[in-house]
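Commentary on secondary and tertiary structure
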Amino acid sequence: MPKIRLVGDSLTLLTYCLRGAAAWDNGQPVLASDVAFTLKLMQAPGLHNEGIRTQFSFIRELRADPNNARRFTLVCRGQASDFAHASGDFFILPEAALDARGTLRRYRLADLIDRPTNAAPDTVLAAIAQRYVAAAPGRHPERLPGCGPYRLVSWEKDHRLRFQRKPQWWADQLKSPPLVLQAHPQQIDFLVIPDGASAALALRRGEVDLYPEVPARDFNRLRRSAKAQQTLAFYITPSHNVVTAGFNTRRPALADRLTRQALALLFDVPALLAAAQQGLGQRTVGIISPNTDRNYADSLPLLSFAPNRAAALLQQAGWRQKAADPAAGWMRQGPGGEVQRLALQVRYRADETTFTTIGLQFRAAAARLGIAVELRPTEASAFLSTLKAGDFDLYIRLVRGNPYLFNFTSVLHSEAAGEDNLTGFGTPDSDRLVEALAVAQSPAIRGRLLRKLQVELREEMPLVPLFFQYNCLAANRRLRHLYPSSLRPGYAAAAITWAPQAILP
């Protein structure tokens, strides 16, 4: 963790010192200059970095220590209590591999952050962006030196990724490495098995050793099996992942909160938890986990399934059904005199049975009120881009949370509409709350703001948080040091070891 120093009432200084042994695969040390380069690259134009750019824009400057190339201080705008966690939560890139001439050093980080979107093209920044895109490290990690313990040695698309332990890794020199710097397996294979039943069968056959995020139905079937109990161990931990429905608030029919409030009452959450999760989930009033007492808005009631109230709210929002022709659906006149018809296109990932169940339940409830709903299951590879393009009325998706980070600027601020703010929602009040949260100076202040934000979101209803999932994990009983947790992926792959066969009962 960094050394923290507050300056006045508006700045936080976080001083880090990289480990002396930390080195890239080519033997070169990992330095403060690599961190500075990475932070500037995040803010460089021409890259699709909108989410991460917003997330780390609170870091305004990196001050290198002239006497120690591994030591540096981050100058952060604001004094949020979670800066210490958030400021170290990104991967460092090697400057020498992407910018050998140090061309990015001439730019100040704050200037890149504040650079207007309509600024004149900059040939140096454009070249850096093109170089990064050409390297494609997400697809070809072998093109850049890394500093982690494993190397990707093969990648069969939609089937398998194989990582092998590097024979020499800098952290091997440490006498008592912390958990995050332990790497025991010599090889780790990640298999892509899209069908839950097939994955469970592979686990039972011993073809895989660990299966995280097991669908509730398969998990319960496995742990009820006497034969599976002989070879498998089962773990359940709360997660910070909430299944959420989101309205496209840019659509005229969904632009008012009364309509959104009405439609939210058509989700039968208790029935969905029973049908889709076999009870392995937790209802919620908002996007904050009910397990975080300080932050959870427990003054709000859980959302009810109430079609009659939904119909009353629709009428209050100006919607009418023709008595002579109820099948025509709900209509109203828009602000410009245009006729609006309430009909919804619902998108969700096609490979998620939970989302299919939710979509079917919502469509059935809406049909009883005479609202047409078209379900549009979408391939995973196209799902997010479709939502960003605004091609939906309602989505159903899993929103992954983090108990240490509460900066919602990229997903809830109006300036992020069209990017990671998929609903396009944002009011002056909600924007102010999101901005204040990003720099909240203490857990108490942050908790108060989070509760207010949940109340605001309940009133405006751009999102309908349905329930938090549990992380269900099944693994070979011989695996040790799994460390099941609420954070993705829900276990510590590199820390895993094998127990001798003989010690099992």
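Residues numbered from 1 in each chain as written. Predicted model: local features only at pLDDT ≥ 70, side-chain atom pairs only at ≥ 80, totals over all residues. Heavy atoms only, no water.

This part covers the overall build of the chain. Tallying secondary structure elements over the chain gives 17 helices and 19 strands in all. Based on the C-alpha atoms only, the size of the chain along its principal axes is roughly 80 × 65 × 45 Å. Out of the 505 residues in the chain, the part that is buried amounts to 47%. Contacts spanning at least 24 positions in sequence make up 68% of the contacts within the chain whose residues lie at least 6 apart. (Helix = DSSP H or I, 4+ residues; strand = E, 2+ residues; numbered from the N terminus. Buried < 20%, exposed > 50% of the residue type's maximum accessible area, 1.4 Å probe, protein only. Contact = heavy atoms within 4.5 Å.)

Turning to the sheet that holds strand β6 (residues 160-165), a few remarks are in order. Spatially, the 3 strands line up as an open sheet ordered β5-β6-β7, and their pairing is antiparallel. Bordering the open sheet on either side are β5 (150-156) and β7 (187-191), each of which pairs with just one other strand. Taking each pair of neighbouring strands and ignoring which way they run, the sheet shows an average axis angle of 15 degrees. For β6 and β7, the ladder comprises 5 bridges, and the chain directions are antiparallel. Pairing of Gln 164 across the sheet is with Gln 187, part of β7. (Pairing = 2+ DSSP bridges. Axes fitted to C-alpha atoms, helices over the stretch in contact; angles between N-to-C directions.)

With that out of the way, let us pick up the packing of helix α11 (residues 269-277) against helix α13 (residues 353-368). For the pair α11 and α13, the least separation of the axes is 9 Å and the interaxial angle reads 145 degrees. You can see that α11 and α13 cross each other, and the crossing is right-handed. Facing Leu 272, Ala 275, Ala 276 and Gln 277 of α11, the residues of α13 in contact are Thr 354, Thr 357, Ile 358 and Gln 361. Looking at the contact of α11 with α13, its residues break down into 4 nonpolar, 4 polar and no charged. (Left-handed = near helix turned anticlockwise from the far one by under 90°. Nonpolar A, V, L, I, M, F, W, Y, C, P; charged D, E, K, R; others polar.)

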